[in-house]
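Observations on the three-dimensional arrangement
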Amino acid sequence: MLKTIVLCALYNLSDHQAEYQILDRLSFLRFPGLDLEDRVQDAKTIWMYREQLAQADVIQSLFADFDHYLKGHGYLAMGDQIIDASIVPVPKQRNSRDGNAKIKLGKTPEDWADKTAKLRQKDTDAC
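The structure contained in this document is the topic of the report that follows. Computed from a predicted model, the values in this text were never measured in an experiment. (Residues numbered from 1 in each chain as written. Predicted model: local features only at pLDDT ≥ 70, side-chain atom pairs only at ≥ 80, totals over all residues. Heavy atoms only, no water.)

**Description of the overall build of the chain**
Keep this limit in mind: Helix numbers and strand numbers start at the N terminus; a helix is a DSSP run of H or I with at least 4 residues, a strand a run of E with at least 2. Only protein chains enter the accessibility calculation, which uses a 1.4 Å probe. A residue is then buried if its area is under 20% of the maximum for its type, exposed if over 50%, and partly exposed in between. Two residues form a contact once any of their heavy atoms are found within 4.5 Å. The charged-residue count follows a simple rule in which Lys and Arg add positive charge and Asp and Glu add negative charge, with His and chain termini not counted at all. Charge positions come from single atoms, namely NZ of Lys, CZ of Arg, CG of Asp or CD of Glu.
The helix and strand inventory of the chain stands at 7 helices and 0 strands. What you see in the chain, going N to C, is helices and strands ordered as α-α-α-α-α-α-α. In the chain, which comprises 127 residues, the share counted as buried stands at 20%. Long-range pairs, those at least 24 residues apart, make up 51% of the contacts in the chain with a sequence separation of at least 6. The average position of the 17 basic charges and that of the 19 acidic charges among the side chains of the chain differ by 13 Å.

See below:
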């Protein structure tokens, strides 16, 4: 439940929106540790949990501990951001020395002239 409250804080969600987003997005479902077949907390349950935390006056200290934990592991909690950090291998394309020399002179190597796809993929400014 605390992770659901964290989602609400990070994405500025109401309790009803939190319930909807957890049902709608796999990333929001996985963060609290739920699986597809698990029951998602409804908006009233989220509200009641938040109220209990507020009455116990522990919300600020819980979020401070959570921020400290994240910072200790090199992370910074930022709201409203979803980033795809997939790392994908790409083919390496190396230029010949002769090709690099021509590129530096502002010319196009002869073997590239008829290959328009190769021209688009080469970064001639990096040579």
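So much for the structure itself; the text now carries on.
**Structural notes on the packing of helix α1 (residues 2-11) against helix α5 (residues 59-72)**
Under the convention used in this document: Here, axes are lines fitted to C-alpha atoms. For helices the fit covers the stretch in contact, and angles between N-to-C directions go from 0 to 180 degrees. Angle categories: roughly parallel below 35 degrees, roughly antiparallel above 145, roughly perpendicular from 65 to 115, and oblique for all the rest. Polarity classes work like this: nonpolar for Ala, Val, Leu, Ile, Met, Phe, Trp, Tyr, Cys and Pro, charged for Asp, Glu, Lys and Arg, and polar for all others, with Gly in that last group.
Their axes nearest at 12 Å, the elements α1 and α5 cross at an angle of 85°. It follows from the interaxial angle that α1 and α5 lie roughly perpendicular. Across from Leu2, Ile5, Val6 and Ala9 in α1, the residues of α5 making contact are Leu62, Phe63 and Phe66. Here the residues of the contact of α1 with α5 are counted per class, giving 7 nonpolar, no polar and no charged.

**A word on the nonpolar core**
Put simply, the test is: We call a set of buried residues a nonpolar core when its members are Ala, Val, Leu, Ile, Met, Phe, Trp, Tyr or Cys and they connect through side-chain atoms within 4.5 Å of each other.
Ile5, Leu7, Cys8, Tyr11, Leu13, Ala18, Ile22, Phe28, Leu29, Leu34, Val40 and Ile46 form the largest nonpolar core, which has 12 residues in total. Those elements giving two or more residues to this core turn out to be α1, α2 (15-24) and α3 (26-30). Looking at which element gives the most residues to this core, the answer is α1, with 4 residues.

**What about the packing of aromatic side chains?**
Note the cut-off: Two rings from Phe, Tyr or Trp (for Trp, the six-membered ring) form a pair when their centres sit within 6.5 Å of each other. Planes less than 30 degrees apart are called stacked, planes more than 60 degrees apart edge-to-face, and all others tilted. Both a distance and an angle decide whether a charge sits over a ring: NZ of Lys or CZ of Arg must be within 6 Å of the ring centre and within 35 degrees of the ring normal.
Under the counting rule described, the total for this entry stands at 1 aromatic pair. Note on Tyr11 and Phe28: the rings are 4.9 Å apart at their centroids and 45° apart in plane angle, and the pair reads as tilted. Highlighted residues: Tyr11 in helix α1 and Phe28 in helix α3, separated in sequence by 17 residues. In this structure, Lys3 packs its charged tip against the face of Phe31, placed 5.7 Å from the ring centre.

**Quick look at α2**
Short version of the rule: Of all possible arcs, the one meant is that of the directions from the helix axis to the C-beta atoms.
Along α2, the positions that sit buried rather than exposed are Asp15, Ala18, Gln21 and Ile22. Burial along α2 is one-sided: seen end-on, the buried residues are contained in an arc of 125°. Exposed residues on α2 whose side chains face more than 90 degrees from its buried face are His16 and Leu23.

**Here's the deal with the pattern of salt bridges**
Note the following rule: Take a side-chain nitrogen of Lys or Arg and a carboxyl oxygen of Asp or Glu: if they are within 4 Å of each other, that pair is a salt bridge.
The tally for this structure, following the rule as stated, stands at 2 salt bridges. When the shortest N-O distance is used, the salt bridge between Lys102 and Glu110 registers 2.3 Å. The exposure class assigned to Glu110 is exposed, which follows from its relative accessible area of 57%.

**Quick look at α1**
Residues of α1 that are buried include every one of Thr4, Ile5, Val6, Leu7, Cys8 and Tyr11, and no others. Each element contacted by the buried residues of α1 is listed here: α2, α3, α4 (43-55) and α5. Where α1 terminates, the next one or two residues include Asn12, which has phi positive at roughly 55°.

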